Amino acid sequence: MADNARAKRLADLIREVVAEKLHRGIKDPRLGTQVTVTDTRVTGDLREATVFYTVYGDEEDRKAAAAGLESAKGVLRSAVGSAAGIKHTPSLTFVADALPENAKTIDEALARARAADEEVRKASSGASYAGEADPYRKPGESDLDAGDGEGGEAGEAGEAGEDESA
């Protein structure tokens, strides 16, 4: 079992070699400059590597790139083997990265949140406070002062009620 640092170094090397080979070494028109290698992960035993990639274009371009990567798998593996210089070259598996779709979903959610914030801002532009502008008590105020105002009003109403009945 290899340590994690060795697996990380091998994953970085695989990512660089595959990206360089796709950019310069493979003449397949399905791959071209549309394929970008985003990440690579290697298992702990260094036997299998998963290469994540994105494709610039529509669904047809993605399918063509996946077919091109599958056909170039052997050439890419031999390039990785010669660059790595290890006893066993890991087998490569190509997986389309969901990063662009996730980023698009997040962008749409942020746009909806901005629109909702703008609606709230427009609705509250001419509004006034329901109570006082500052509803909190100040440090100089005491509970008795606040209670006297409320009790005094109730007491005055009670006294007025007594005067009317008498």
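Because the structure is predicted, anything quoted here is derived from the model rather than measured.

> I would appreciate a short explanation of helix α3 (residues 73-84) in the present structure.
Because each turn of an α-helix spans 3.6 residues, side chains separated by three or four positions end up pointing in the same direction. Between its first and last C-alpha atoms α3 spans 16 Å; for twelve residues at 1.5 Å apiece the expected length is 16 Å, and the two agree. Taken together, the buried positions of α3 are Leu76, Ala79, Val80 and Gly81. Those residues of α3 that are buried are in contact with α1 (4-25), α2 (59-71) and β3 (91-96). One or two positions beyond α3, positive phi appears at Gly85, with a value near 65 degrees.

> Could you clarify how one ought to interpret the sheet that holds β3 in this entry?
Think of a sheet as strands paired side by side through backbone hydrogen bonds, with each pair either parallel or antiparallel. Here three strands make up an open sheet; going across it, the order is β1-β2-β3 and the pairing mixed. This sheet does not close on itself; its edge strands, each paired only once, are β1 (35-42) and β3. Ignoring which end each strand starts from, the neighbouring axes of this sheet average 25 degrees apart. Inspection of the sheet shows strand β2 (residues 48-55) paired to β3 by six bridges, in the parallel sense. Bridging from a neighbouring strand, Ala49 pairs with Leu92 of β3.

> Would you explain the side chain of Thr54 in this entry?
By the element assignment, Thr54 lies in strand β2. Judged by its relative accessible area of 14%, Thr54 is buried. Residue contacts for Thr54: discarding those within four places in its chain leaves Gln34, Val35, Thr36, Thr38, Asp97 and Pro100.

> Any chance you could explain the pattern of salt bridges here in plain terms?
Close approach of charged atoms allows side chains of opposite charge to pair. Scanning the entire structure with this criterion turns up seven salt bridges. With a shortest N-O distance of 3.2 Å, Asp12 and Arg15 are connected by a salt bridge. Of this pair, Asp12 and Arg15 both sit in helix α1, separated by three residues, roughly a single helical turn. For Asp12, a relative accessible area of 23% translates into the label partly exposed. What makes Arg15 partly exposed here is its relative accessible area of 27%. A salt bridge links Asp39 to Arg41, with the shortest nitrogen-to-oxygen separation between them at 3.3 Å. Accessibility expressed as a relative area gives 26% for Asp39, which makes it partly exposed.

> Please explain the pairing of β2 as it appears in this structure.
Moving residue by residue along a regular strand, the side chains alternate between the two faces of the sheet. Counted residue by residue, β2 has six buried out of eight residues, so it is predominantly covered. As defined by bridge partners, β1 adjoins β2 across seven bridges and the pair is classed as antiparallel. Within β2, the position partnered with Arg41 by the bridge is Thr50. What sits between β1 and β2 in their antiparallel hairpin is a turn of five residues, with Leu46 showing a positive phi close to 60 degrees.

What counts and what doesn't
Residues numbered from 1 in each chain as written. Predicted model: local features only at pLDDT ≥ 70, side-chain atom pairs only at ≥ 80, totals over all residues. Heavy atoms only, no water. Helix = DSSP H or I, 4+ residues; strand = E, 2+ residues; numbered from the N terminus. Expected span 1.5 Å × (residues − 1). Buried < 20%, exposed > 50% of the residue type's maximum accessible area, 1.4 Å probe, protein only. Contact = heavy atoms within 4.5 Å. Pairing = 2+ DSSP bridges. Axes fitted to C-alpha atoms, helices over the stretch in contact; angles between N-to-C directions. Salt bridge = Lys/Arg side-chain N within 4 Å of Asp/Glu carboxyl O.

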